[in-house]
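Take a look at the letters that make up each chain.
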Amino acid sequence: MIIAVDGPAAAGKGTIARALAAHFGYHFLDTGSLYRMVGLAVLRAGHDPHDRGSAIAAAAGLDPSNFTDGDLRNEAVGAAASIVAVIPEVRAALLDFQRGFARRLPGAVLDGRDIGTVVCPDADVKLFVTASADVRARRRQKELDADDFETVLQEIRERDLRDSQRAAAPLTAAADAVILDTSEMDVEEATAAAIAAVTAKRVF
Ligand code: CDP
């Protein structure tokens, strides 16, 4: 059983995907962390995330089973992640791990940008979680405890643009995805809606 949860930054994918995994007893993978690890490795090496060679080497040398670093959630790392994520060789280097994870029994929930379209096009259930840019920026501002709303909104818009306009695996809803707009929902409502969508689609 594979559940794909895709959507733009700060739409609530991670919260929803984790809740689904806990509810159905499945494994959970935050695939954004893989791209964040690559971005962080490049930054720590003192390189520019636009440096293709450095990003490809970081992706090839990644240990995807070990991604706990306090700096992973920084917005600078999120921005670096979306820059390295444009590079097809970086994406290719992370593909096998993601597909292997998706096959774990009794099931797996993966959240990201291209799970339903590229990583697991045959996923049993696909959710596309979205919300308005304003609502997402408010959520991200709270999460990061950031002062300036306009700066956070600007960063979200830049990331949306880069993620949806790249040639390799752009952010887009799969044709068979259930769209979940969480703009007007709190965490409980969004989680309940996601569980209902999965239950309705689940093959028993
Ligand atoms: O948590 P947030 O939604 O801000 O970002 P994330 O899911 O941690 O992803 C960080 C960046 O990694 C995104 O902006 C994408 O550019 C990239 N990413 C991707 O290209 N494909 C994925 N499956 C997951 C993330």
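Structural data are supplied above this passage.
Report on the accompanying structure. (Residues numbered from 1 in each chain as written. Predicted model: local features only at pLDDT ≥ 70, side-chain atom pairs only at ≥ 80, totals over all residues. Heavy atoms only, no water.)

Within the fold, Ala 19 resides in helix H1 (residues 13-24). Between the C-alpha atoms of Ala 19 and Ala 146, which are 127 residues apart in sequence, the distance is 26 Å. (Helix = DSSP H or I, 4+ residues; strand = E, 2+ residues; numbered from the N terminus.)

Let's shift gears to the site of the ligand. Around the ligand there are 19 residues in total, and Arg 36, Arg 91, Arg 140, Arg 159 and Asp 163 lie nearest to it. Note that an oxygen atom of the ligand is positioned 2.7 Å from one of the side-chain N or O atoms of Arg 91. The contact in question runs from an oxygen atom of the ligand to an N or O atom on the side chain of Arg 159, over 2.7 Å. Contact with the protein chains covers 97% of the free accessible surface of the ligand, which is 530 Å². Taken together, the elements giving at least two residues each to the shell around the ligand come down to helix H2 (31-44), helix H4 (75-84) and helix H8 (149-165). By residue number, the principal contributor to the shell around the ligand is H2, which donates four residues. Considered class by class, the residues forming the shell around the ligand number five nonpolar, four polar and ten charged. (Near = heavy atom within 4 Å. Polar contact = N/O pair within 3.5 Å; in protein donor to acceptor, adjacent residues only side chain to side chain. Areas by Shrake-Rupley, 256 points an atom, 1.4 Å probe, with all protein chains shown as cover. Nonpolar A, V, L, I, M, F, W, Y, C, P; charged D, E, K, R; others polar.)

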